[in-house]
Amino acid sequence: MPKTDNKKDIIVQSALRLFAAHGYASTPVSLIAKTAAVSQGLLYNFFPGKEALLREMIELGAADIARSMDGYQTINDP
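A short tour of the structure in this document, coming up. (Residues numbered from 1 in each chain as written. Predicted model: local features only at pLDDT ≥ 70, side-chain atom pairs only at ≥ 80, totals over all residues. Heavy atoms only, no water.)

Some points on the overall build of the protein
- When its secondary structure is counted, the protein shows 4 helices and 0 strands.
- Rg of the C-alpha trace for the protein: 15 Å, well past the compact-globule value of 12 Å for 78 residues, more than 25% over.
- Overall, the protein is about 55 × 25 × 20 Å in size when its C-alpha atoms are taken along their principal axes.
- Just so you have it, the protein exposes about 5400 Å², and 56% of that area is on carbon and sulfur atoms.
- Positive and negative side-chain charges of the protein, numbering 8 and 8 respectively, have mean locations separated by a distance of 12 Å. (Helix = DSSP H or I, 4+ residues; strand = E, 2+ residues; numbered from the N terminus. Rg over C-alpha atoms; globule rule 2.2 N^0.38 Å. Areas by Shrake-Rupley, 256 points an atom, 1.4 Å probe, with all protein chains shown as cover. Lys, Arg positive; Asp, Glu negative; His and termini not counted. Charge placed at Lys NZ, Arg CZ, Asp CG, Glu CD.)

Below you can see the structure in the form of structure tokens.
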């Protein structure tokens, strides 16, 4: 189980694992909800559909990459 109590984060982390294991197209919303231990209704409160969930995952990943690169902006090019 993910290391957070935030239901939205749990849904995103569960979806990430399932998409990696089964692929996006083969992962139904019902399985994401079941894996995250939430109802489908709650999942739909956060995300209008599976595509919106994927978009959120991509945005979070891009933001994480950008944060990891922050230190390199202060390095002077030799």
